[in-house]
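# Examination of the molecular architecture
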Amino acid sequence: MSDSYWNEEIETMSAKAVERLESERLQTQMEYVYAKSAYFRAQFDKANVKPESFKHRNDLEELPFMEKYEIANSQLEGHLLGINQCASQEDIIRIHATGGTTGRPMRVGWTRRDIADYCEVGSRALWANGCRPTDVVFECMNYNLYAGGVSDHLCFETLGATTIPFGVGNSLRLLEMMNEIQQDISIWATPSYAIRLATLARENGIEPQNIGVRKGFFSGEPGMQVPGYREKIEDSLGLVSFDMYGTGELGMHSGECAHRNNLHYGGTGVVLTEMIDPETTKPIPFEEGVIGEFVYTSLRREACPHLRMRSRDLMQVFVEPCPCGRTDFRFKTLGRSDDMFIVKGVNVFPLGVQATLSSMRPKLNGEFQIILDRPPPIDYAPRIIAEVARDVPKEQYDVLISETMAAIANDLNFSTAVELVEEGSISTEKKSQRLIRDY
Ligand SMILES: [Zn+2]
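Fair warning: this is a prediction, and the values are worked out from it, not measured in the lab. Position labels on residues start from 1 in each chain and follow its written sequence. Local features are withheld for residues below a pLDDT of 70 in this predicted model, meaning they are given only at 70 or higher, and side-chain atom pairs are given and counted only at 80 or more; totals for whole chains, interfaces and linings count all residues. Here the side-chain values reflect all heavy atoms present in the structure, with hydrogen atoms and water set aside.

Check the secondary structure of the protein and you find 11 helices and 19 strands. For the protein, the C-alpha atoms occupy an extent of roughly 70 × 55 × 45 Å along the three principal directions. Residues counted as buried form 54% of the 439 residues belonging to the protein. Long-range pairs, those at least 24 residues apart, make up 66% of the contacts in the protein between residues at least 6 apart in sequence. Per-residue accessibility takes into account occlusion by the displayed protein chains alone, with areas from the Shrake-Rupley method and a 1.4 Å probe. About 19,200 Å² of surface is accessible on the protein, with carbon and sulfur atoms providing 50% of the total. Positive charges come from Lys and Arg alone, negative charges from Asp and Glu alone, with His and the N- and C-terminal ends not counted. All charge positions are set by atom: Lys at NZ, Arg at CZ, Asp at CG, Glu at CD. Between the centroid of the 46 positive side chains of the protein and the centroid of its 63 negative side chains there is a distance of 2 Å. Only DSSP runs of H or I reaching four residues or more are called helices, and only runs of E reaching two or more are called strands; each is numbered from the N terminus. Only protein chains enter the accessibility calculation, which uses a 1.4 Å probe; a residue whose area is less than 20% of its type maximum is buried, one above 50% is exposed, and one in between is partly exposed. Contacts between residues were defined by any pair of non-hydrogen atoms, one from each residue, lying within 4.5 Å.

This is how it looks when you write it as structure tokens:
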């Protein structure tokens, strides 16, 4: 068996074989949800289709989309898990929550087999990241309620890594413990937490590179593909970083390989992913470089299956072969489709702004927020608040503002009103929220 893959058979499967596997599992999943759920039966009846009609992924186009708010609304009415619950209570052994689009956590249930699948796809992604059973991993995600804690922790254990359930908070204690261990260690955290840890180390007289963190597995926030952001983390802590992607509904299923050329889709055989145009909802074929919204259909889910669930996440996909030999598509996240805004006909993603601002390091530190003061149409120059590096004197702000506005106009083709603030002015809790609609 090769050391390159967690599940060589699945990860190097030909497109034809993936199609066969998907068709087989799709059929079984459809029969299951039809038998178990009045909600899904109604969806099938509305579309005038039967479970046995689903012989191929293209047949899914017959079905209406599912939206997360439908599940969230049914939970508001008092359901433990909501309209898509298919397994009986005695078979459900865990509930964790997702961040939820409305700010209210949404509960997701899991049976024993669902969790085994969660750990399987998580292990594929982590193995691609270069995580191995010899690694000592500090798990620094939030264990309170969310998937990043207990559920992701078990992926590391399934893979065989030595996993330390540290959680978030008490960062000074974490630094002390890391510093004490005289061997290379790894961290599983959000990228912004890694930056915070490096800052805290310096403030406490510890050289961040001496802590010994040599591999960083990062998820929970976009931005790792923005070169400046990633380098900032790697340079300050002296580690190699790998991006991971997942959602609370599906688990962390995709990760970069050693070539770090975007995320390898790792959900093969467990989740079927379609791509659609978010405006017209028409399917988009998987071709090199195309952009669209991912739509998920479960293939083996017992507790809370999804049928054509819209992710509202925009992705760019890549289908050219990767030297690592993994065969399914690769992708990168462009942000929430809700976070895209249009300025005088130009589509703008906060990640694009992040890339330009990061290219202006070391004068800017890469932290920023975009403020939209008025509802669309955005026929005005949106405000961008950006943090300046500590050693830039105030007299230089005016010149730097002009440089920043010129760089954004040049790279992204829209006008902005840039305001500069001192390092640390944008609050830590809001750092992952790049776009503020202040109306
Ligand atoms: Zn690869």
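Having seen the model, we can carry on.
Time to look at the coordination of the zinc ion. Tetrahedral coordination by four donors puts the ideal angle at the metal at 109.5 degrees, and octahedral coordination by six puts it at 90 or 180 degrees. Each metal's donors are the N, O and S atoms found within 2.8 Å of it, except that Na, K and Ca use a 3.2 Å limit; water is left out, so coordination can look incomplete. Protein coordination at the zinc ion comes from Cys 257 (SG), His 264 (NE2), Cys 322 (SG) and Cys 324 (SG), with a distance range of 2.1 to 2.3 Å. Only four donors with every angle between 85 and 135 degrees are called tetrahedral; only four or six donors with opposite donors over 155 degrees apart and all others between 65 and 115 are called square planar or octahedral, in that order; all others are irregular. Geometry at the zinc ion is tetrahedral, judged from the 4 donor atoms that bind it and their angles of 100 to 118 degrees at the metal. Spacing between the donor residues of the zinc ion along their common chain follows C-x6-H-x57-C-x1-C. Linking His 264 in strand S9 (residues 263-264) with Cys 324 in the loop between strand S12 (309-318) and strand S13 (330-336), this pair joins segments that are 60 residues apart in sequence. Each member of the pair, His 264 as well as Cys 324, is classed as buried.

This next bit is on the domain arrangement of the protein. All domain edges in this entry derive from an automatic or database-based domain assignment. Annotation of the protein at the domain level lists domain 1 (8-108 + 261-336), domain 2 (117-255) and domain 3 (340-437). Inter-centroid distance (C-alpha atoms) of domain 2 to domain 3 is 28 Å. At the junction of the two partners, domain 2 supplies 10 residues and domain 3 supplies 10 residues. Buried area is understood as the total, over both parts, of accessible area removed when two parts are fitted together, assessed with a 1.4 Å probe. Carbon and sulfur atoms supply 60% of the area that domain 2 and domain 3 bury against each other, a total of about 800 Å² over both sides. Contact with domain 3 buries area across many residues of domain 2, yet Val 226, Tyr 229 and Lys 232 alone supply 50% of it, more than any other trio. The salt bridge definition used is simple: a Lys or Arg side-chain nitrogen within 4 Å of an Asp or Glu carboxyl oxygen. Our count for the domain 2 to domain 3 interface comes out at 0 salt bridges. The definition of a polar contact used here is a pair of N or O atoms within 3.5 Å, where within protein one atom must be able to donate a hydrogen and the other to accept one, and adjacent residues in sequence count solely through side-chain atom pairs. Our count for the contact surface shared by domain 2 and domain 3 stands at 2 residue pairs in polar contact (both at pLDDT 80 or more).

Further remarks concern the sheet that holds strand S18 (residues 417-422). Paired strands are those between which DSSP finds at least two bridges. Spatially, S18-S17-S16-S19 is the arrangement adopted by the 4 strands of the open sheet, whose pairing is mixed. Where the open sheet ends on each side, the last strands, each with one partner, are S18 and strand S19 (435-437). Neighbour-to-neighbour, the strand axes of this sheet turn through a mean angle of 25 degrees, independent of strand direction. Relative to S19, strand S16 (residues 364-372) runs parallel, the two being bridged by 3 bridges. Bridge pairing in S19 places Ile 370 opposite Leu 435. Relative to the sheet, helix H10 (residues 350-358) contacts S16, strand S17 (383-388) and S19, its axis offset from that of S16 by approximately 145 degrees. To obtain an axis, a line is fitted to C-alpha atoms, over the contacting stretch when the element is a helix, and the angle between two such axes runs from 0 to 180 degrees between their N-to-C directions.

Below, the discussion takes up the packing of aromatic side chains. Only rings of Phe, Tyr and Trp enter the pairing, Trp through its six-membered ring, and a pair is recorded when the two centres are within 6.5 Å. The plane angle decides the type: under 30 degrees is stacked, over 60 is edge-to-face, the rest tilted. Applying the stated rule across the entire model yields 15 aromatic pairs. With a centroid separation of 5.5 Å and 75 degrees between ring planes, the pair formed by Phe 44 and Phe 54 is classed as edge-to-face. On the criterion of sequence distance, the pair formed by Phe 44 in helix H3 (residues 38-47) and Phe 54 in the loop between H3 and helix H4 (68-76) is long-range, its members being 10 residues apart. Here Phe 286 and Phe 329 contribute two aromatic rings whose centre-to-centre distance is 4.7 Å and whose plane-to-plane angle is 50 degrees, an arrangement assigned as tilted. A residue pair is termed long-range when its members are at least 10 positions apart, and Phe 286 in the loop between strand S10 (271-276) and strand S11 (291-298) and Phe 329 in the loop between S12 and S13 qualify at 43 residues. What makes Phe 329 buried here is its relative accessible area of 9%. Taken together, Tyr 245, Tyr 265, Phe 286, Phe 294, Tyr 296, Phe 329 and Phe 331 form an aromatic cluster joined through their ring pairs. A cation sits over an aromatic face here: Arg 301 above Trp 110, 4.0 Å from the ring centre. Across from the ring centre of Phe 65, 5.8 Å away, lies the NZ or CZ of Arg 310, which sits over that ring. For a ring to carry a charge above it, either NZ of a lysine or CZ of an arginine must fall within 6 Å of the ring centroid while also lying within 35 degrees of the normal to the ring plane.

Running from N to C, helix H7 (residues 171-180) and helix H8 (residues 191-203) point in directions that differ by 75 degrees, and their axes come no closer than 10 Å. Regarding the angle of H7 to H8, the classification is roughly perpendicular. Across from Ser 171, Leu 172, Leu 174, Leu 175 and Met 178 in H7, the residues of H8 making contact are Tyr 193, Arg 196, Leu 197, Leu 200 and Ala 201. Considering only residue class, the contact of H7 with H8 consists of 8 nonpolar, 1 polar and 1 charged. By definition in this entry, angles of less than 35 degrees are roughly parallel, angles greater than 145 are roughly antiparallel, angles of 65 to 115 are roughly perpendicular, and the rest are oblique. Residue polarity follows a fixed list, in which Ala, Val, Leu, Ile, Met, Phe, Trp, Tyr, Cys and Pro are nonpolar, Asp, Glu, Lys and Arg are charged, and the others, Gly among them, are polar.

Attention shifts here to the pairing of strand S2 (residues 106-111). The buried fraction of S2 amounts to 5 of the 6 residues, a majority that puts the element mostly inside the structure. Bridge analysis of strand S1 (residues 92-98) against S2 gives 6 bridges, and the strand direction is antiparallel. Bridging across to S2, His 96 finds its partner in Val 108.

This part takes up unusual backbone geometry. Of the consecutive residues Arg 361 and Pro 362, the connecting peptide bond is found in the cis state with omega at 10 degrees. Structurally, Pro 362 can be placed in the loop between H10 and S16. Residue Pro 376 is joined to Pro 377 through a cis peptide bond whose omega torsion reads 5 degrees. Not every positive phi belongs to a glycine, and Asn 170 is a case in point at roughly 55 degrees. Here Asn 170 shows up in the loop between strand S4 (162-165) and H7. At Asn 413, a position not held by glycine, the phi torsion is positive, near 70 degrees. Looking at the secondary structure, you find Asn 413 in the loop between helix H11 (397-412) and S18.

Looking at where Glu 176 falls in the secondary structure, it is placed in helix H7. The spacing of Glu 176 and Leu 299 is 123 residues in sequence and 44 Å in space, taken between C-alpha atoms.

All right, on to H4 then. Every buried residue of H4 is listed here: Lys 68, Ile 71, Ser 74 and Gln 75. For H4, the buried positions fall inside an angular range of 135 degrees around the axis, keeping them on one side. The positive-phi residue at the C-terminal boundary of H4 is Gly 78, with phi of around 110 degrees. By arc we mean the arc of the directions from the helix axis to the C-beta atoms, nothing more.

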